[in-house]
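# Structural characterization, general
What follows is each chain in one-letter form.
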Amino acid sequence: MFSGIVAAVGLIEQIEPLGDGLRLTVETGGLDLDGVALGDSIANSGVCLTVIGLDGSRVKFDVSRETLNCSVGLNRVGNAVNLEKALALNGLIGGHLVTGHVDAVGEIMNFTPLGESFKLVVRAPDTIAGYIARKGSITVNGVSLTVNDVQDRDFSINLIPHTIAATNFRYLKTNDKVNLEIDLIARYVERMLTWRKGAEGNA
């Protein structure tokens, strides 16, 4: 589990073919790797990956074809990735509970300055649009954010300058694709309601 609070922005330095997937070498950009061991989890732009190699500030990850098909940003040398170590549940949760499992890929429709902050508008696919609510939580490229408004499949977020500076958002632009993870609570509420409706129909 993660909290959606990015600790560092890393850089994909090397990509090697690995069967249908890839092996990534990521320069972790100042991420505190004290205590990190082989087998631990680190989120890369919202994708939970397992540490399979450590060399100073560089970390290696294996990425399956399924993960590559369901996410963006992990298949190109030079891409910046938002990094977060797995959450210790005895500490502060600054964002919200994030699984590191990308639900869908969204598209940036607008990204413009708004006073001292920035307005980010993302279009979600139909498969997850119903889970996104005004003032609810959403994870974009691994960053825990609060939804300001929802219009059909488009949702908007206000970003403060610190969030831009501390994440790979500073490289984003209109029409770019981003990894989205819906709120964990919304996922379970939808499942319970669907199950109850089905059970009542079979009664």
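Here is a short report on the structure shown in this document. It should be emphasised that the depicted structure is a prediction, and the values quoted were computed from it without experimental measurement.

A large share of strand β6 (residues 80–85) lies buried, amounting to five of its six residues. Note that strand β1 (residues 8–18) and β6 share four bridges and pair antiparallel. What sits directly across from V9, in β6, is N82. Bridge count between strand β3 (residues 41–44) and β6: three bridges; the pairing is antiparallel. If you follow N44 over to β6, its bridge partner there is L83.

Taken together, six strands build a closed barrel; the order of strands is β1-β2-β5-β4-β3-β6 and the barrel is antiparallel. Here the strands of the sheet are splayed against their neighbours by 45° on average, with no regard to which way each runs.

Quick look at the sheet that holds strand β10 (residues 143–146) now. The sheet built from seven strands is open, its strands ordered β10-β9-β13-β7-β8-β12-β11 with antiparallel pairing. Each end of this open sheet is capped by a strand with a single partner; those strands are β10 and β11 (149–151). Strand-to-strand twist in this sheet, taken as the mean axis angle between neighbours without regard to direction, amounts to 35°. Pairing of strand β9 (residues 137–140) with β10, which is carried by four bridges, proceeds in the antiparallel orientation.

Quick look at the nonpolar core now. Core analysis: the largest hydrophobic core is formed by 23 residues, its most contacted members being I138, V140, L145, F155, L159, F169 and L180. Among the elements of the structure, β7 (104–114), β8 (117–123), β9, β10, β12 (154–159) and β13 (177–182) are those that each provide at least two residues to this core. Grouped together as the second largest cluster of nonpolar side chains are 20 residues, L24, V36, F61 and V63 included.

Let's shift gears to the environment of G21. Note on placement: G21 falls in strand β2 (residues 21–27). With a relative accessible area of 8%, G21 lands in the buried category. Separated by 11 residues in the primary sequence, G21 and D32 place their C-alpha atoms 27 Å from one another. Beyond its immediate sequence surroundings of up to four residues, G21 is in contact with E16, V63, S64, R65 and L68.

A few words on unusual backbone geometry. Backbone geometry places S45, a non-glycine residue, at a positive phi of 50°. When you line up the elements, S45 lands in the loop between β3 and β4 (47–55). Owing to a relative accessible area of 4%, S45 belongs among the buried residues under this scheme. We note that N175 has phi near 85°; this positive angle belongs to a residue other than glycine.

Residue placement: N141 occurs in the loop between β9 and β10. Every residue in contact with N141, bar those within four places of it in the chain, is listed here: S45, G46, N82, N168, F169, L172, V178 and N179.

Taken together, the four bridges between β3 and β4 define a ladder with antiparallel strand orientation. Bridging across to β4, I42 finds its partner in L49. Adjacent in sequence and paired antiparallel, β3 and β4 are bridged by two residues, among which S45 carries a positive phi angle near 50°. Sheet topology places β4 next to strand β5 (residues 58–63); four bridges connect them, and they run antiparallel. Of the residues in β5, the one forming a bridge with G53 is K60. Between the antiparallel neighbours β4 and β5 lie two residues, among them G56 with a positive phi of about 65°.

Attention shifts here to the pattern of salt bridges. The full count for this structure, using the stated rule, is seven salt bridges. Of the charged contacts in the structure, one is a salt bridge between D62 and R23, with a shortest N-O distance of 2.6 Å. Here D62 is found in strand β5, whereas its partner R23 is found in strand β2, with 39 residues between them in sequence. A relative accessible area of 26% means that R23 is categorised as partly exposed. For D126, the salt bridge is made with R153, and the minimal N-O distance between the two is 3.4 Å.

Conventions and cut-offs
Position numbers for residues start from 1 in each chain and track the written sequence from start to end. Under the rules for a predicted model, residues below a pLDDT of 70 receive no local features and side-chain atom pairs below 80 are neither given nor counted, while totals for whole chains, interfaces and linings still include all residues. In computing side-chain values, all of the structure's heavy atoms are included and hydrogens and water are not. Burial classes: relative accessible area under 20% of the type maximum marks a residue as buried, over 50% as exposed, and values in between as partly exposed (1.4 Å probe, protein chains only). A run of H or I in DSSP counts as a helix once it spans at least four residues, and a run of E counts as a strand once it spans at least two, with each numbered from the N terminus. Strand pairing requires that DSSP identify at least two bridges connecting the strands. Convention adopted: a line fitted to C-alpha atoms gives each axis, helices being fitted over their contacting stretch, and angles between N-to-C directions are expressed from 0 to 180 degrees. What we call a nonpolar core is a set of buried Ala, Val, Leu, Ile, Met, Phe, Trp, Tyr and Cys residues that are connected through their side-chain atoms within 4.5 Å. Here a residue-residue contact requires only that any non-hydrogen atoms of the pair lie within 4.5 Å. Any carboxyl oxygen of Asp or Glu within 4 Å of a side-chain nitrogen of Lys or Arg constitutes a salt bridge here.

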